[in-house]
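# Structure at a glance
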Amino acid sequence: MFKLSKERGAFLFYGITLLFWLVVFLSFWPNMLVYEPDGLYAGWVHIWGDWSAHMSYATSLASQNIFPPQLPILSGHILSYPFGVDFISSILLRLGVDIAPAMVSVSFVLSLALVWVLFYFFKTFSGNAKVASIATFLFLFNGGLGFLWFLSDFQNAGWNIFNNLPRAYTHLAEEANIEWINIITSELIPQRGFLLGLPIVLVNLSLFWKIFKKEDVGNWQMAAAGIATGLLPLIHMHSLAVTAGFAVWTIFLTFSKKRWRLWFYFLLPAVILSFILIKIFYPQLGGQFISFKPGWLAPNRGDDPFSFWLKNAGIMLFLPFAGFFFAAKKQLLWSVPFWALFILANIFIFQPFDWDNTKYFT
């Protein structure tokens, strides 16, 4: 998918990154759904909450023989939910795989794929494998100043604290209005659509960046990306919105007759497929979900936006601004939609649940 041989040590950085996250994923994914003598147990609170629905969707899809599939918890209604990853698990169920491995194995494989594509995107954007490795770790190990509460708890409890952590240190809503939960625990583990939607976005962005830099991109690559994008309404709707924004921006920056044929291969399947799927599965979709809320969750407990993001993002609040001094002009210009997303998601809520703006921030 990308040529690492041109850079000395690139394979080393890629190998270390992938190996590290392989060990991390092997440490927790097998424990997410565990059979005990008295039933099936969830290994994380958000698995207990989110996956009760996902398991219902997967088992229902495995037994339904109608199109469009019906919502299993509301008879007679279309399954208006991005069920793409659950559909993959439903195929495994139809093949005779038990519910726990059918769910966990898909998420485990997609987790590794996410790390691979994260590295690929950062390598493509920066041209440096070391930077790509560091960026991948920064992205997945994100978090704000919650570690200060950990240090306080550690001082009181000592090493015994690791036997039973008293709280989630990236989610201290009551204590400090820290709502930016770590990506692994809040999105990668519970939100199955995220695990496939984000890699599709990252591949798209990598292709868009190459087009902007006037590098060779094949028609077949754009067509494949367009098909994957067209399926995003059934995988992860937020990913479709982000891809659309970047596509419009990159087309604007690269407007020329020579590029239209290349964009045609992407836009034709992306627009037609997504339009059809949205019309079938989301007839209720509209602007009524958007609401005006400056500061996102900052005002909930009396914070101003700066102090809120300082607590929630920590050093990551300042690193992007440092990029202004080190990034190339082309990188700064092409990355405008990233800043636009951050600003817009701090002003508007784009779905019924306020916290879900995190999908845009991610």
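Residues numbered from 1 in each chain as written. Predicted model: local features only at pLDDT ≥ 70, side-chain atom pairs only at ≥ 80, totals over all residues. Heavy atoms only, no water.

## Describing the overall build of the protein chain
Quick reminder of the rule: Note on conventions: DSSP H or I runs of at least 4 residues are helices, E runs of at least 2 residues are strands, and numbering of each starts at the N terminus. Atoms counted for the radius of gyration: C-alpha only. Globule rule: 2.2 Å times the number of residues to the power 0.38. Type-normalised accessible area, obtained with a 1.4 Å probe on protein chains alone, sets the label of each residue: buried when under 20%, exposed when over 50%, and partly exposed for intermediate values. By definition in these notes, contact holds between two residues if any of their heavy atoms fall within 4.5 Å. For the purpose of counting charges, residues Lys and Arg are taken to be positive, whereas Asp and Glu are taken to be negative. His and the chain ends are not included. In this description, the location of a charge corresponds to atom NZ of lysine, CZ of arginine, CG of aspartate or CD of glutamate.
Within the protein chain, the secondary structure is distributed over 17 helices and four strands. Its C-alpha atoms give the protein chain a radius of gyration of 21 Å, within 12% of the compact-globule value 21 Å for 362 residues. The principal-axis extent of the C-alpha atoms belonging to the protein chain is close to 65 × 55 × 45 Å. Classification of the 362 residues of the protein chain by burial places 46% in the buried group. In the protein chain, once contacts between residues fewer than 6 apart in sequence are set aside, the share between residues at least 24 apart is 69%. The protein chain carries 22 positive and 17 negative side-chain charges, and their two centres are separated by 21 Å.

## Let's talk about the environment of Thr59
In plain terms, the rule: Counting of polar contacts relies on pairs of N or O atoms within 3.5 Å, with two restrictions inside protein: one atom must be capable of donating a hydrogen and the other of accepting it, and residues adjacent in sequence are counted only when both atoms are side-chain atoms.
Within the fold, Thr59 resides in helix H2 (residues 45-63). In this structure, the C-alpha to C-alpha distance between Thr59 and Pro299, residues 240 residues apart in sequence, is 40 Å. If we ignore the near neighbours within four places in the chain, the residues touching Thr59 are Leu93 and Ile99. Side-chain polar atoms of Thr59 contact the backbone oxygen of Met55, separated by 2.8 Å. A distance of 3.1 Å separates a polar side-chain atom of Thr59 from the backbone oxygen of Ser56.

## A look at the pairing of strand S1 (residues 33-36)
Stated formally: Two strands pair under a simple rule: DSSP has to find at least two bridges between them.
Inspection of the sheet shows S1 paired to strand S2 (residues 39-42) by four bridges, in the antiparallel sense. Considered in S2, the bridge of Leu33 is made with Ala42. Adjacent in sequence and paired antiparallel, S1 and S2 are bridged by two residues.

## Observations concerning the layout of surface pockets
Selection criterion: Points on a 1 Å grid over protein atoms alone make up a cavity when a 1.4 Å probe fits among them but cannot get out, and a pocket when they form an open set with protein on both sides within 12 Å along at least five of seven lines; lining residues each have an atom within 4 Å of a point. Grid points are joined across faces, edges and corners, and a volume is the space filled by probe spheres set on the points.
Estimates place the volume of the second largest pocket at around 1,200 Å³. Lining the second largest pocket are 40 residues, and of these Pro82, Met237, His238, Gln351 and Asp356 sit closest to its centre. Going through the elements one at a time, H2, helix H9 (192-212), helix H11 (237-253) and helix H17 (358-361) are the ones with two or more residues in the lining of the second largest pocket. Counting residues per element, the lining of the second largest pocket draws most heavily on H2, which supplies six residues.

## Brief notes about helix H3 (residues 84-94)
Every buried residue of H3 is accounted for by Gly84, Val85, Asp86, Ser89, Ser90 and Leu93. The inward-facing, buried residues of H3 contact H2, helix H4 (99-126) and H9.

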